[in-house]
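Examination of the molecular architecture
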Amino acid sequence: SVIHELVKYFATGDRKTALAILEANRGTVGHTLPHSLNRLEDKVRQYQSSGFDALISGKVGNRNTLKITAEASQQIIALKRSRTPVYTDWQIFNKFNSTAAEKGWEQLKSIRSLKQFLNQPRIEPLWYDAVHGELKSAQRYSRRHQTELPKLRDALWYGDGTRLNLYYRDDDGKMRTKMVYEVMDAYSEVLLGYFISDTEDHEAQYHAYRMAIQTALHKPYEIVHDNQGGHKKVDSQGLFKQICHIHRPTSPHNPESKTIESAFGRFQANILHQDWRFTGQNITSKKMSSRPNLEFINENKDKLYTLTELKNAYSEARKQWNESAHPATGIPRIEMYRNSKNPKTPEVSPSDMVEIFWLITGEPCTFTSQGIEITVKGNKYRYEVFSSPGVPDHEWRRAHTLQRFYTKYDPYDMTSVRLYRKDDAGELRFERVAEPYMKIHRAKQEQEDGEDLIIRREREANLNDRMERQIAARTIEAEHGVAPEQNGLRSPKLNIPAAKRDELQRQCERRTKKYSRNPEEYQTARVDKVISLTTYDELEEETDFDTKKAANKL
């Protein structure tokens with residue numbers, strides 16, 4: 001009756017009376033008539049064309065969806081999942097209605113009823129993956145764990161690489177950004193270590209974790225990282241096993257499982273955003289405040305940071321973050337970290353730093369007469385072994401020249417390396433510490449104090465090495481009866497300057513003289529036999545004894 005009266009008064013143009021009738025009957029069960037006159041007039045027109053269906057809310061009894069049978073619903077889901085072609089909701093609506101009559105299905109009344117059907121909790125998962133992708137579907141419907149963050153520092157560290165969200169200008173004046181790999185303590189959200197580079201690779205991870213260890217002075221109990229290729233190389237080199245008890249990758253495509261993702265987002269929004277050079281957050285971010293003002297930045301390209309300035313600015317931003325209050329406690333993050341103690345995370349000793357962070361050459365190198373040379377990042381380094389500061393160890397050289405060694409070095413300090421040899425079991429055994437090869441000036445004019453003495457000392461040491469090699473070799477010859485003198489020949493003299501040759505030759509002969517005869521003649525029984533058969537006339541002519549020469553040798 002109410003709607004009939006409204007129709008009558010709208011037909012005569014008496015809108016005020018129609019509105020009064022509406023207000024008097026507000027709350028009548030079964031219909032929801034609009035408040036405004038214009039919308040009320042539209043509703044009256046719908047009533048005149050469609051009858052009472054226009055007055056009933058679609059929510060009442062969910063009439064439209066109840067008409068969709070199981071077979072019809074599968075047809076609608078199939079059309080929604082179709083990729084060849086891809087249908088819009090309007091196209092699904094029209095296509096379904098065009099075939100509904102011949103299949104005995106009731107036609108859909110409106111596009112709204114179709115959308116209500118598709119968005120039902122039991123229906124949506126059946127088509128969501130085809131439209132938005134299986135990963136999005138899994139993130140939307142899969143159950144998630146509710147976890148508690150650690151209660152102690154160093155219980156869990158997160159490592160992750162991301163864009164360094166500040167623009168800088170390169171040497172050509174072009175606007176650029178960099179990558180940064182960060183290591184964060186999950187308990188306090190303190191950023192412990194980082195490294196800025198062009199890509200997220202194993203080198204960036206190595207430097208970031210090294211800085212984190214040097215900052216913490218403790219090993220973490222657990223490290224969680226993503227599945228980037230650089231982590232696999234770091235893992236293969238055993239770095240994670242030496243740093244922590246447990247390390248594991250996060251589930252792929254699951255940023256919610258890493259606290260560092262959320263923390264770094266807040267770091268970008270709260271700290272880096274203050275700099276007008278801010279690049280903006282991830283492009284999937286919907287807030288306008290998370291996007292850069294590219295017009296302003298392009299207008300001020302000449303004022304962008306240089307690379308050095310960028311690194312300094314980022315360091316200050318990290319410091320500001322670490323010194324700001326943690327949202328859960330209100331205590332500065334760095335204070336939370338320093339005041340916490342974790343009994344299960346040992347302190348790091350200098351020997352630990354060597355074992356963890358010193359790198360070893362992939363292939364062995366030969367120690368030659370010019371020492372051992374290794375190449376690190378395109379730079380060549382030469383080392384030798386010393387017996388004392390500034391004095392090369394010639395005794396060690398005589399035994400190991402031309403032997404191959406693996407070299408362990410610290411990329412941060414190349415002033416000393418460690419030489420390792422591989423035993424028969426394939427294990428590396430420490431040999432000696434080597435230091436940079438000693439250099440002297442060739443020109444007399446440029447030589448410094450003491451260099452001339454070093455030259456003379458090394459000349460003598462080299463001559464002594466030659467004599468020692470000759471003595472050792474000739475001793476072996478004589479012991480086995482193959483010395484030239486034992487076979488009617490003469491050994492060549494040392495090929496050295498005449499001033500030293502005679503003296504060294506005499507030393508060599510004196511130290512090997514007992515082997516000038518056959519070895520068997522020096523056995524006790526044979527010597528006694530020789531003496532008993534020798535007469536005075538067979539003795540060599542007696543020579544004068546030079547006491548002065550003997551005294552000089554003492």
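Anything mentioned here points back to the structure above.
Residues numbered from 1 in each chain as written. Predicted model: local features only at pLDDT ≥ 70, side-chain atom pairs only at ≥ 80, totals over all residues. Heavy atoms only, no water.

Some points on the nonpolar core
Applicable threshold: Put simply, a nonpolar core is a bunch of buried Ala, Val, Leu, Ile, Met, Phe, Trp, Tyr and Cys residues held in one set by side-chain atoms that sit within 4.5 Å of each other. The cut-offs for exposure are 20% and 50% of the maximum accessible area for each residue type, with area from a 1.4 Å probe on protein chains only; residues under the lower value are buried, those over the upper are exposed, and the others partly exposed. Every helix listed is a DSSP run of H or I at least four residues long, and every strand listed is a run of E at least two residues long, numbered separately from the N terminus.
Core analysis: the largest hydrophobic core is formed by 25 residues, its most contacted members being Tyr158, Leu164, Val180, Phe267, Leu272 and Tyr314. The set of elements that each furnish at least two residues to this core consists of β1 (157-169), β2 (175-185), β3 (191-197), α13 (259-270) and α15 (307-323). Broken down by element, this core gets its largest block of residues, five residues, from α15. With 23 residues, the next largest nonpolar core counts Tyr181, Val190, Val348 and Phe357 among its residues.

Some words on the pattern of salt bridges
What counts here: In what follows, salt bridge is the name for a side-chain nitrogen of Lys or Arg lying within 4 Å of a carboxyl oxygen of Asp or Glu.
Scanning the entire structure with this criterion turns up 25 salt bridges. Of the charged contacts in the structure, one is a salt bridge between arginine 333 and glutamate 189, with a shortest N-O distance of 3.1 Å. Here glutamate 189 lies in the loop between β2 and β3 and arginine 333 lies in helix α16 (residues 333-339), a separation of 144 residues in the sequence. Take arginine 333 and glutamate 189: they sit in the same class, and that class is buried.

A closer look at helix α7 (residues 111-118)
The cut-off we apply is this: The arc in question is the one spanned by the directions pointing from the helix axis to the C-beta atoms.
All of the buried residues along α7 are Ile111, Ser113, Leu114, Phe117 and Leu118. Relative to the axis of α7, the buried residues are bounded by an arc of 160 degrees and lie together on one face.

Quick word on unusual backbone geometry
Put simply, threonine 84 and proline 85 share a cis peptide bond, and its omega is 5 degrees. Checked against the element boundaries, proline 85 lands in the loop between α5 (70-81) and α6 (89-100). Its identity as a non-glycine residue notwithstanding, glutamate 189 has a phi of 65 degrees, on the positive side. Take glutamate 189: its relative accessible area is 4%, and that puts it in the buried class. A positive phi angle, near 60 degrees, is found at leucine 217, a position not held by glycine. Tracing the backbone shows leucine 217 in the loop between α10 (202-216) and β4 (222-225).

Here's the deal with the pairing of β4
Under the convention used in this document: Here, a strand pair is defined by DSSP locating no fewer than two bridges between the strands.
Across the two faces of β4 the burial is the same, with Glu222 and Val224 and Ile223 and His225 all buried. The sheet contact formed by β4 and strand β5 (residues 246-249) spans four bridges and is parallel. Bridged to glutamate 222 within β5 is isoleucine 246.

Side note on α5
Stated formally: In this scheme, a helix's expected span is set at 1.5 Å multiplied by one less than its residue total. We call two residues in contact when some of their heavy atoms are within 4.5 Å.
The terminal C-alpha atoms of α5 lie 17 Å apart, and with 12 residues this matches the ideal 16 Å at 1.5 Å per residue to within 8%. Those residues of α5 not exposed but buried are Ala72, Ser73, Ile76, Ile77, Leu79 and Lys80. Seen from one end, α5 has its buried residues packed into an arc of 160 degrees, which puts them on one side. Pointing more than 90 degrees away from the buried face of α5 are the exposed residues Ala70, Glu71 and Gln74. Contacts from the buried residues of α5 go to α6, α7 and α8 (124-132).

Re the sheet that holds β2
Test applied: Interaxial angles span 0 to 180 degrees and are taken between N-to-C directions of axes, which are lines fitted to C-alpha atoms, for helices over the stretch in contact.
The strand order β3-β2-β1-β4-β5 describes an open sheet built from five strands, whose pairing is mixed. On the outer flanks of this sheet lie β3 and β5, each paired with one strand and no other. The mean inter-strand angle of the sheet, taken between neighbouring strand axes irrespective of direction, is 30 degrees. In the packing of α10 onto the sheet, contacts are made with β1, β2, β3 and β4, and the angle to β3 comes to roughly 150 degrees. Together, β1, β2 and β3 form the strand contacts of α15, whose direction differs from that of β3 by roughly 165 degrees.

Topic: the packing of aromatic side chains
The geometry of an aromatic ring pair comes down to the distance between the two centres and the angle between the two planes. For clarity, the cut-off: In this scheme Phe, Tyr and Trp rings, the latter by its six-membered ring, pair at centre separations within 6.5 Å, and the angle between planes marks the pair as stacked below 30 degrees, edge-to-face above 60, and tilted otherwise. Over a ring means this: the NZ of a Lys or the CZ of an Arg is within 6 Å of the ring centre and within 35 degrees of the ring normal.
As enumerated under the stated definition, the model contains 15 aromatic pairs in all. Seen from their ring centres, tyrosine 206 and phenylalanine 357 are 5.8 Å apart, and the 75 degrees between their planes marks the pair as edge-to-face. Of the two residues, tyrosine 206 is situated in helix α10 and phenylalanine 357 in helix α17 (residues 350-357); the sequence distance between them amounts to 151 residues. The exposure classification of tyrosine 206 matches that of phenylalanine 357, with both residues buried. An aromatic cluster is built from Tyr194, Phe264, Phe267, Tyr314 and Trp321, whose rings are joined through pairwise contacts. Here the guanidinium or amino end of arginine 418 rests over the ring plane of phenylalanine 430, the centre of that ring lying 5.7 Å away.

Examining the packing of α8 against helix α9 (residues 134-141)
Which entries qualify depends on this criterion: By definition in this entry, angles of less than 35 degrees are roughly parallel, angles greater than 145 are roughly antiparallel, angles of 65 to 115 are roughly perpendicular, and the rest are oblique. Basically, the charged four are Asp, Glu, Lys and Arg, the nonpolar ten are Ala, Val, Leu, Ile, Met, Phe, Trp, Tyr, Cys and Pro, and anything else, Gly included, counts as polar.
The N-to-C vectors of α8 and α9 enclose an angle of 140 degrees; their axes lie 6 Å apart at closest approach. Regarding the angle of α8 to α9, the classification is oblique. Residues Glu124, Pro125, Tyr128, Asp129 and His132 of α8 form the contact with α9, whose participating residues are Glu134, Lys136, Ser137, Arg140 and Tyr141. Residues that form the contact of α8 with α9 fall into these classes: three nonpolar, two polar and five charged.

A closer look at the packing of α5 against α7
It is the contact of α5 with α7, at a shortest axis distance of 11 Å, that shows an interaxial angle of 85 degrees. Relative to α7, α5 is oriented roughly perpendicular. In contact with Ser73, Ile76, Ile77 and Lys80 of α5, α7 contributes Leu114, Phe117 and Leu118.

A word on the environment of leucine 304
When you line up the elements, leucine 304 lands in the loop between α14 (294-299) and α15. Relative accessible area serves as the criterion here: at 1%, leucine 304 is assigned to the buried category. Counting along the chain gives 137 residues from leucine 304 to tyrosine 167, while the straight-line C-alpha distance between them is 6.8 Å. Contact partners of leucine 304, with chain neighbours within four places excluded, come to Tyr167, Tyr168, Arg169, Met175, Trp276, Arg277, Ile297 and Glu309.

Topic: the pairing of strand β14 (residues 428-436)
Relative to β14, strand β9 (residues 379-384) runs antiparallel, the two sharing two bridges. Of the residues in β14, the one forming a bridge with glutamate 384 is glutamate 435. Taken together, the six bridges between strand β13 (residues 413-422) and β14 define a ladder with antiparallel strand orientation. Each residue of the ladder has a partner; that of arginine 418, found in β14, is valine 433. Here β13 folds back onto β14, and the loop between the two strands holds five residues, one of which, glycine 426, carries a positive phi near 85 degrees.

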